[in-house]
Every structure is written in structure tokens, then in C-alpha cells.
Amino acid sequence: MKAMSCKLLVIGAGPGGYVCATRAGQRGIDTVIVEAERPGGTCLNVGCIPSKALIHAADEYDKVVRFAAGDSALGISAADPRIDLAKTMRWKDEIVGRLNGGVAGLLKNAAVKVVQGWAQFRDGKTVEVETETGLQVIHAEQVVIATGARPVELSALPFGGRVISSTEALALRQVPDRLVVVGGGYIGLELGTAFAKMGSQVTIVEALPRIMPQYDAARSDTAGRDAPAAARRRRADERESDRAYALGRWSDGRNLRRTTQGSGRRQDSCRGRTRSTDRGLGS
Ligand SMILES: Cc1cc2nc3c(=O)[nH]c(=O)nc-3n(C[C@H](O)[C@H](O)[C@H](O)COP(=O)(O)OP(=O)(O)OC[C@H]3O[C@@H](n4cnc5c(N)ncnc54)[C@H](O)[C@@H]3O)c2cc1C
């Protein structure tokens, strides 16, 4: 067992934690940050950055598909466009990897010590971390909990097999023929629209009467108009194109299964996120 003391301990190296730790370090505060996974947190590793990279790739592909369909006022034409999603994901992973290095560099330059592993409180000022090299005990004068959030698992649709969260959706190696996105918030819409542009037949299921229910109605109406257009354009010639977008009512697992049965090769659950502290931070 190893032990260390510091003035400030930050748990979680997402945008909340690493910015806090970096600023503290730059101000000469003796700071330690603990991260269970990779620096940058959800945003950099499985959130904002990879989703925007995927959206960008999907937009580019969609543009070429429209050119191939003769849909270019500029007179640009293309033939038989294809997308190699495994290669797209490698490109996305390289971007994430570079930015991971950037965050690690920021912490290092600010003289913040980084401990890799899952932090658990022993008491209010002491944390234990199971690291690769054994148990690390950290005693701090002040502790910042910046542990963020993780995807919500639905009891009727536990993760596994065909049921994946946004994290796995951002690492798919093949474009699914059919994708059901459970949850019409911004994460579900972003991912659903990107996969629709890459060729999936996408169904978005939302329990509330309108998509993006946490935004004002005018915004959600615009998204509702845009989403089907984006989702349908790719498969306009197919019989089931009207199912590319569905504003479904959803009340329990049984109902949801019936809604998605036979139409979803993959079910991506973007039902929201819950605080990571649910997994336990010890005493
Ligand atoms: C698909 C997707 C797209 C998104 N797009 C956007 C966007 O475009 N714009 C935007 O503003 N936001 C976006 N978000 C939301 C954004 O990612 C979060 O708001 C942001 O990451 C929250 O930062 P945070 O530091 O609070 O937590 P997080 O980024 O979740 O970081 C918390 C960190 O704490 C670590 N941790 C948790 N518990 C422990 C523990 N006990 N010990 C050690 N480490 C621990 C976790 O591993 C994690 O790295 C998106 C999210 C997703 C999922």
C-alpha cells in the first residue's frame, strides 16, 4: 500500500475535473486527480468529440450519396459511394487519442499528479484507489467530486447483445441496417441522424409527446421536422421509409418491445444519463 497527501484531490478527469485540477495546479495548489478511465471524461472519449466526428463523417458521406443520386446543383457527380465504418472509427479514435494526450499534457504542465483507477472514500478526506501497482491511499485537505454521468440502463432493455448504449454506438464497426434509438433527446437525435445519413433505417422512440422534450417546444418542433428529412433522404426509395422516424409512445418494457420488434437490428438506448456516483464512492 502506498500513501500520499495533497491539498486538493479531484475525482474524475472529465471537463469538470481536469479544468478544475489544471487551474488549481497553475495556481500552485498541490493537486492530485484520480481517473478510472482516460483523461477527458465522457465528453472527450465517448461523448461530444466522437459524436461530432461521426456526425461530420456522416455528413460527408451523405453529400457524396446525394451527388451519386444526381442531386447536385453544382453538377458534381459520383458513383457507388460506400462507407467503411471501421475505418471511420479508427479516424475518430485517432482524434480522441490526440486530445487525450492534450489533456494529459495540460495536467502535467500544471504539475497535477494523475492517479489511474477507481476512487473510493475511506473517510471524508481520504480516498483509496486500486491501481495497477497496488492500493494507493490519498489524503486530501479538500476533495472535488467531478465524477460525471453514465448511460441509464432500462430494466426492460438491459445492455448486452443488440441493446447498446451511446458509448457502444460510437464504436460500431459496421453500419446497422436498422437501428432503434430509445430516447429522443439530443444524444439520440444526433446519433440517429448520423446513422441514418450513413444508411441505417432509424426509428427514434420517445416516451413524451414530442422529441427533445427538455428543450422549448419551438426548438423541438424544428428538430422534429428536420429529423425525418435527414433520416428518410437516404432510403426514400424503400417501402419502409415512413418508419425511418417514429414518434412513438412508450410506457413500459412490453410496449417498447412490441414497437421495436422486427424493425431493429440494433437498439441504441439514449434514454439519458445518471450520476456516476450511483456505482458507489465508498463510505
Ligand atoms: C454521446 C454524447 C454526446 C455529447 N455531446 C455533447 C455536446 O455536443 N456538447 C456538450 O456540451 N455536451 C455534450 N455531451 C455531454 C458531456 O459529455 C458532459 O456534459 C460532460 O462530459 C460532463 O463532464 P463532467 O466532467 O461533469 O463528467 P464526465 O465527462 O462524465 O467525466 C467524469 C469522469 O469521472 C470518472 N469517474 C467517475 N467515477 C469515478 C471514480 N469513482 N473514480 C475515478 N474516476 C471516476 C469517469 O471515468 C469520467 O472520466 C455529450 C454526451 C454524450 C454521451
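Scope of this entry: the structure provided in the associated data block. All of these numbers come straight from a predicted model, not from anything done at the bench. (Residues numbered from 1 in each chain as written. Predicted model: local features only at pLDDT ≥ 70, side-chain atom pairs only at ≥ 80, totals over all residues.)

Strand order in the open sheet formed by six strands is β3-β2-β1-β6-β5-β4, and the pairing between neighbours is mixed. If you trace the sheet from one side to the other, it starts and ends with β3 (113-116) and β4 (118-123), each paired once. Strand-to-strand twist across the sheet, computed as the mean angle between neighbouring axes with direction ignored, equals 45°. Contacts from helix α1 (residues 15-26) reach β1 (2-11), β2 (31-35) and β6 (134-145) within the one sheet, and its direction differs from that of β2 by about 165°. (Pairing = 2+ DSSP bridges. Helix = DSSP H or I, 4+ residues; strand = E, 2+ residues; numbered from the N terminus. Axes fitted to C-alpha atoms, helices over the stretch in contact; angles between N-to-C directions. Contact = placed C-beta atoms within 7 Å.)

Close to the ligand lie 27 residues; Gly12, Gly14, Gly16, Gly41 and Gly148 are nearest. Those elements that place two or more of their residues in the shell around the ligand are α1, β2, α2 (41-46), α3 (48-68) and β4. Here the residues of the shell around the ligand sort into 13 nonpolar, 12 polar and two charged. Each of domain 1 (1-147) and domain 2 (151-276) gives at least three residues to the shell around the ligand. (Near = placed C-beta within 6 Å. Nonpolar A, V, L, I, M, F, W, Y, C, P; charged D, E, K, R; others polar. Domains from an automatic or database assignment.)

Burial runs high along β2: five of the five residues are buried. Residues Thr31, Ile33 and Glu35 of β2 are buried on one face, and the alternating residues Val32 and Val34, pointing to the opposite face, are buried as well. Bridge count between β1 and β2: four bridges; the pairing is parallel. Counted as the bridge partner of Val10 is Ile33 from β2. Since β1 and β2 lie parallel, the crossover through α1 that links them has a hand, and here it is right-handed. As judged from the four bridges shared by β2 and β3, these two strands associate in the parallel manner. Bridging from a neighbouring strand, Ile33 pairs with Val114 of β3. (Buried ≥ 20, exposed ≤ 12 C-beta atoms within 10 Å, placed from the backbone. Right-handed = clockwise from strand over helix to strand, strands pointing away.)

Let us now look at the nonpolar core. The biggest cluster of nonpolar side chains holds 29 residues, and the ones touching the most others in it are Val181 and Phe195. Those elements that place two or more of their residues in this core are α3, β8 (163-165), β9 (178-182), α6 (186-197) and β10 (201-205). Of the residues that make up this core, three or more belong to each of domain 1 (1-147) and domain 2 (151-276). Core analysis: the second largest hydrophobic core is formed by 23 residues, Leu9, Tyr18, Ala21 and Val32 among them. (Core = buried A, V, L, I, M, F, W, Y, C linked by C-beta atoms within 7 Å.)

Mapped onto the elements, Ser72 comes out in the loop between α3 and α4 (85-109). Setting aside chain neighbours within four positions, we find Ser72 in contact with Arg66, Phe67 and Ser77.

Our focus in this paragraph is the pairing of β1. Taken together, the nine bridges between β1 and β6 define a ladder with parallel strand orientation. Considered in β6, the bridge of Val10 is made with Val144.

Direction vectors running N to C along α3 and α4 enclose 145°, while the axes themselves pass 10 Å from each other. The handedness of the crossing between α3 and α4 comes out as right-handed. Counting all contacts with α3, which are made through Ile49, Pro50, Ala53, Leu54 and Ala57, the residues of α4 involved are Thr88, Lys92, Ile95, Val96 and Leu99. Across the contact of α3 with α4, the residue classes break down as eight nonpolar, one polar and one charged. (Left-handed = near helix turned anticlockwise from the far one by under 90°.)

Quick look at unusual backbone geometry now. Notably, Asp80 is not glycine yet its phi reads approximately 45°, a positive angle. Examined against the element boundaries, Asp80 turns out to sit in the loop between α3 and α4. According to the C-beta neighbour criterion, Asp80 is exposed, with 6 such atoms within 10 Å. Of note in this structure, Ala111 is not a glycine but carries a positive phi near 60°. By the secondary structure assignment, Ala111 is in the loop between α4 and β3. Of the residues examined, Ala111 has 14 C-beta atoms within 10 Å and is grouped as partly exposed.

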